[in-house]
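# Overview (structure and organization)
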Amino acid sequence: MGGPLGAIIGRYPSAAAGGDDELGGGGGPGAGIIRHNRRCRDIAFLVIFAAFWVAMIVNSSFGFNQGNPLRLTYELDYKGNICGDKHGDPNLHELDVRYWMNPNQVYQSGLKNSKVNLADAKAICLMECPNPAVDGLNFICDYPEGDIRLSVDDWINRDYDYFEFLTPDMRNSSLQLQGPCYPVIFPTVNVYWSCQFIARASNVSLKHWQQMGGVSIDENILIDKTVHKAIDSRSAVLKRYIADIGKSWPVFIVCGGILPVFLSVIWLLMIRYFVAAMTWVTVVLFNGLVISVTMFCYIKAGWIGNDPLTVVIGESDPYVHISGREISHLHTVTIFMTAVMIIAFLSSIAIVRRILIATPVLKVAAKVIGEVQALIVFPLVPFFILAIFYMFWFAATLHLFSSGQVIRNDCNIDCCSYDLKLGKVNCDNCCGYSIHYTPHISIAILFHLFGCYWATQFFLACSSTVIAGSVASYYWARGEISLVYSPLLTIQATSMQHDIPFLTVVSSLKRLMRYSLGSVALGSLVVSVVEWVRFILECLRRKLKFVGSARESCFGKATSSSSECCLGCIDWTLKSVNRNAYIMIAITGKGFHKASVLATGLIMKNILRIGKVNVIGDVILFLGKLCVSLFCALFAFLMLDTHKYKSAHNKISSPLIPVLVTWALGYIVAKLFFAVVEMSIDTIILSFCQDAEEHQGNAQYAPPLLMETLDEQSDLQRLTLDQGP
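Residues numbered from 1 in each chain as written. Predicted model: local features only at pLDDT ≥ 70, side-chain atom pairs only at ≥ 80, totals over all residues. Heavy atoms only, no water.

## Examining the packing of helix α11 (residues 249-273) against helix α23 (residues 656-694)
Our working rule: Convention adopted: a line fitted to C-alpha atoms gives each axis, helices being fitted over their contacting stretch, and angles between N-to-C directions are expressed from 0 to 180 degrees. Helix and strand definitions here come from DSSP, where helices need a minimum of 4 consecutive H or I residues and strands a minimum of 2 consecutive E residues; each element is numbered from the N-terminal end. Note on terminology: angles under 35 degrees are roughly parallel, angles over 145 are roughly antiparallel, angles of 65 to 115 are roughly perpendicular, and the others are oblique. Crossing handedness is defined as follows: a turn of the near helix away from the far one that is anticlockwise and smaller than a right angle gives a left-handed crossing, while the clockwise case is right-handed. Residues count as neighbours in contact if any of their non-hydrogen atoms are within 4.5 Å of one another. Polar here means any residue outside two lists: the nonpolar Ala, Val, Leu, Ile, Met, Phe, Trp, Tyr, Cys and Pro, and the charged Asp, Glu, Lys and Arg; Gly therefore counts as polar.
At a minimum axis distance of 9 Å, the contact between α11 and α23 shows a crossing angle of 30 degrees. Comparing their axes, α23 and α11 come out roughly parallel. Considering the relative orientation of α11 and α23, their crossing is right-handed. Residue-level inspection shows Val-251, Phe-252, Cys-255, Gly-256, Pro-260, Val-261, Ser-264, Val-265, Trp-267, Leu-268 and Ile-271 of α11 in contact with α23, the latter providing Pro-658, Val-661, Thr-662, Leu-665, Gly-666, Val-669, Ala-670, Phe-673, Phe-674 and Val-677. Residues that form the contact of α11 with α23 fall into these classes: 17 nonpolar, four polar and no charged.

Structure, rendered in structure tokens:
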């Protein structure tokens, strides 16, 4: 333990504050208990945290300077322009669909051992994917320039066809599939803003092309598979997922910001006034929401009804049954949610009898909220800070993920196309353009993701520390008031108790800002580092699955599973220790390490007395946070199922990532508000432990309801031990 804390909390309040000044103007309730000779702790880690913020700003500035979020959704044409970019050459505003003009190049790029790459095939940007004419032959011509005196608007109005204006040389090169005009032989469909070829050539158009003397066009199914392979690549899917985040910002504001605040406040008010019923309501509501979210996953995965990913493509599209990665990911999540639903239902049945144990503890927390009413409003402060941070972070994320350089490919192929500027066929510009990502961009993205986690943990820890300081002041102020005997001081004490709702939160916030930010930065950093070690090891474990020896080795499997389990236990333990450390930081003003030792010592001495009560209370609070976040996820599904996210530029590739991000935001907001109850329980229990230790096992200042609950648990534990062998 490191020595008693009597001069700080509990036993000798006057020794710390200085006599009668404590109940007079000496700093409000709990001044002699909470306020003592404090000083700044863990300053080095506060400096590290400040340096981290500077690095975050510099890192994000690089993304804002080099990135273009349009690259995440739309692809490049043969000139290196981003489709849909109004700053391109020419202006490609609203021309956001990529179309490959030469079907033979697409076919050849799919052949094994071919030197032709689809990225080098000649592609332009159109408003919509073209289809063959019913009774003739359509052409798609290159961007108008040189001798073609058409504006881009006129070119669009003519359906991209100016074949009739071509000179004989231009017509002859077009018939050789060298441009500037190319025949539309295959129907195409817009899949993820690229024109997917359908390997069913139009007989009418093909007949007209042959009659004009055009070269042979390959009709193999490979032309279909080649485009699909490019659209369904891992990098393309990842870019679409990131782009979905940028398009779904209204969903995040409503379902990840406003809705969880409203639901959390309602839950806190219900705990305040209907605490006995809320434990049961929480369990029932949690199971209902898990079932609802699981059913939505089944619908979007296409396993219930005939609606797989209509958010992306549409019921009339011939590729509605495309076996893409987005649908396979939805299938995986659906299976996972099915397992969660079964486990949740069975777990709820298992804890039914133990729910009654949590009710008295929640009643104590409800009493604290009733006395310190400012605690319900306080989480709005870190909420707005986190909201501003997340808006900045998401914007930087979109730019960082799109910050690669557009560089011309290095290809060794023989191809020729008509150059309108030169006025002749040119065989030197066969290579297309691609976005190249350098290793330092990957490092910048990883640092950006780590920074988000650390910042989130830091703000949550600050909020928890302020709440703990407020509740501790309330607990120990009861003891100070009980020591007052004179009528005059009794009046002053009553005035102090009336001021508790307003003074304790502000005073606790001031103490945090002045003394303990370094300690909070250290605690949040420890959790963040452990989480990222788990993440890195999990990535390595997944890669080892593809190695034959690792897959077949039982020792390798056992080592992987045991290391993952150990890291999970360490992470859970650290989070628990951190939470109690923040309480002792708020009470004693100690550094993070000493506060952790003090908190752990108190808990270990009273583990049999408080363990069961605290665990069941934490389970109910955890289910409450899941209820809020699952309701947000369910509402996000409903918002994403509207017409706005199924058409035009707002069309998302999959509801999966927006829903998961909404769930995470909802859980973080719920954690901010539920920390009021969570930290109230933990702070009162730790204060109770210290109170009991300083008064020979009999806590003097504990609320009667808490004393009754803990004494019952203590008697039950003693009875169990007495009946043992």
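Past the structure itself, the notes keep going.
## Topic: empty space enclosed by the protein
Where we set the bar: Whether a set of points on the 1 Å grid over the protein atoms alone is a cavity depends on a 1.4 Å probe fitting there but being unable to get out, while an open set qualifies as a pocket with protein on both sides within 12 Å along at least five of seven lines; lining residues are those with an atom within 4 Å of a point. Grid points are joined across faces, edges and corners, and a volume is the space filled by probe spheres set on the points.
A full pass over the atoms with the stated rule returns three cavities of 30 Å³ or more. The volume enclosed by the second largest cavity comes to roughly 40 Å³. In terms of lining residues, the second largest cavity is bounded by Arg-38, Thr-465, Ser-508, Arg-511, Leu-512, Ser-516, Ile-585 and Ala-586. Elements that contribute at least two residues to the lining of the second largest cavity include exactly α18 (487-544) and α20 (554-588). For the lining of the second largest cavity, the element with the highest residue contribution is α18, accounting for four residues. Counted by class, the lining of the second largest cavity contains three nonpolar, three polar and two charged residues.

## Concerning the side chain of Ser-248
Convention followed: To sort residues, take the accessible area from a 1.4 Å probe on protein chains only and compare it with the maximum for the residue type: under 20% means buried, over 50% means exposed, and anything in between is partly exposed.
Summarising the element assignment, Ser-248 is placed in the loop between α10 (234-247) and α11. With relative accessibility at 0%, the residue Ser-248 sits in the buried group. When near neighbours in sequence (up to four residues on either side) are disregarded, Ser-248 contacts Leu-640, Tyr-645, Ile-652 and Pro-658.

## Concerning the confidence of the model for the chain
Our working rule: Every residue is assigned a pLDDT by the predictor, reflecting its confidence on a scale from 0 to 100.
With 79% of its residues at a pLDDT of 70 or more, the chain shows a mean pLDDT of 79. For the chain, helix α1 (residues 13-17) is the element with the lowest average pLDDT, namely 36, and helix α16 (residues 380-401) is the one with the highest, namely 93. Throughout residues 309-323 the model reports pLDDT below 50, and contacts reaching past four residues in sequence, or to other chains, amount to 45 contacts. Low pLDDT, under 50, characterises residues 548-552; the predicted model gives this stretch five contacts beyond four residues in sequence or across chains.

## Examining the state of the cysteines
Which entries qualify depends on this criterion: What counts as a disulfide here is a pair of cysteine sulfur atoms lying within 2.5 Å.
One pass over the structure, following the stated rule, counts three disulfides. What pairs with Cys-83 in a disulfide is Cys-125, and their sulfur atoms sit 2.0 Å apart. Disulfide Cys-83-Cys-125: torsion about the S-S bond near -75 degrees, hence left-handed. Pair noted here: Cys-83 is in the loop between α4 (70-73) and β1 (97-100) and Cys-125 is in strand β2 (residues 123-126), with a separation of 42 residues, a long-range link. Considered together, Cys-83 and Cys-125 belong to a single accessibility category, that of buried residues. With a sulfur-sulfur separation of 2.0 Å, Cys-141 is cross-linked through a disulfide to Cys-181. As the torsion about the S-S bond is roughly 105 degrees, the Cys-141-Cys-181 disulfide counts as right-handed. In this pair, Cys-141 sits in strand β3 (residues 139-141) while Cys-181 sits in strand β4 (residues 181-183), placing the two residues 40 residues apart along the sequence.

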